[in-house]
Every structure is written in structure tokens, then in C-alpha cells.
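Listed here are the chains, written in short residue letters.
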Amino acid sequence: NFEYICKLFKQPGYDGLGIGTSLIYHIQREEDRLAWRCDKSKLKELKFYDKIITHYNGIRVDSKKYVIFGIGIEKENEDEVFKIINSIEGTLKKE
């Protein structure tokens, strides 16, 4: 079992204030195992998430379109988490 983080948002202009780090920290305190994905085209976000998983000794798995990140995911469950998250369709539609 793990908790899937669908989306994290912040207002433009609030970069570098620790908001995203604080959000993940507080979620992680409540839930031992977290997973989320990020579109491969979002280089700034990928760099941020790489720092997060390095701090928490997390996982990173690349798929065709996404990079899947996890915290507290046991190595033997990595493939299962990858399959589940990779099968989730886009959750927000562009209008």
C-alpha cells in the first residue's frame, strides 16, 4: 500500500521558499509510503523531486512519458508501484 500524490501546486512567484518541500515533508509524516509522477518535459520539477528522493532515500523510475518517484517504497514493491502509477490516466484536462 502507498499513497499517491496526484498534484502539487503553488502560486507563481513563490519558487525557492520551501513550500513544495514542506508539503511533501508534512504528507510524509502522515503516510509512510508515498508515490507520484512527473511529466518528463518538466525539467525544473524533476530536479526538485530528485532532491526530495535523495533526502528521503527514495526511488526514481523512468517510464516512456513520466518519471515515477517514491518515498518509503520497498525495493521489492517498486515494480508493482510503477505498474499502478503508470496506468493512471492524466488527472487534469487542459481546456
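Read on for a plain summary of the structure. (Residues numbered from 1 in each chain as written. Predicted model: local features only at pLDDT ≥ 70, side-chain atom pairs only at ≥ 80, totals over all residues. Heavy atoms only, no water.)

1. So, helix 3 (residues 78–87)
Definition in use: With a 1.4 Å probe rolled over the protein chains alone, any residue whose accessible area is under 20% of its type maximum counts as buried; one over 50% counts as exposed, and the rest are partly exposed. Helix and strand assignments follow DSSP, with helices taken as H or I runs no shorter than four residues and strands as E runs no shorter than two, numbered in order from the N terminus. This arc corresponds to the set of directions leading from the helix axis out to the C-beta atoms.
Of the residues making up helix 3, those classed as buried are Glu 78, Val 81 and Ile 85. Projected down its long axis, helix 3 shows its buried positions confined to an angular sector of 65 degrees, all on one face. For helix 3, exposure combined with an orientation more than 90 degrees from the buried face picks out Asp 79, Lys 83 and Ser 87.

2. A few points about the sheet that holds strand 2 (residues 34–39)
Inclusion rule: In short, DSSP must find at least two bridges between two strands for them to pair.
Spatial strand order, 1-2-4-3: 4 strands in an open sheet with mixed pairing. One side of each edge strand has no neighbouring strand; the edge strands of this open sheet are strand 1 (3–4) and strand 3 (59–62). Sheet analysis places strand 1 next to strand 2, joined by 2 bridges and oriented parallel. The residue bridging Tyr 4 from the neighbouring strand is Ala 35, located in strand 2.

3. Remarks on the environment of Ser 41
Heads up, the condition is: Definition of a polar contact: a pair of N or O atoms within 3.5 Å, with one able to donate and the other able to accept a hydrogen when the atoms are protein atoms, and with sequence-neighbouring residues admitted only if both atoms are side-chain atoms.
Within the secondary structure, Ser 41 sits in the loop between strand 2 and helix 2 (43–55). The spatial distance from the C-alpha of Ser 41 to the C-alpha of Gly 13 is 20 Å, given a sequence separation of 28 residues. For Ser 41, the side chain forms a polar contact with the side chain of Asp 39, separated by 2.7 Å.

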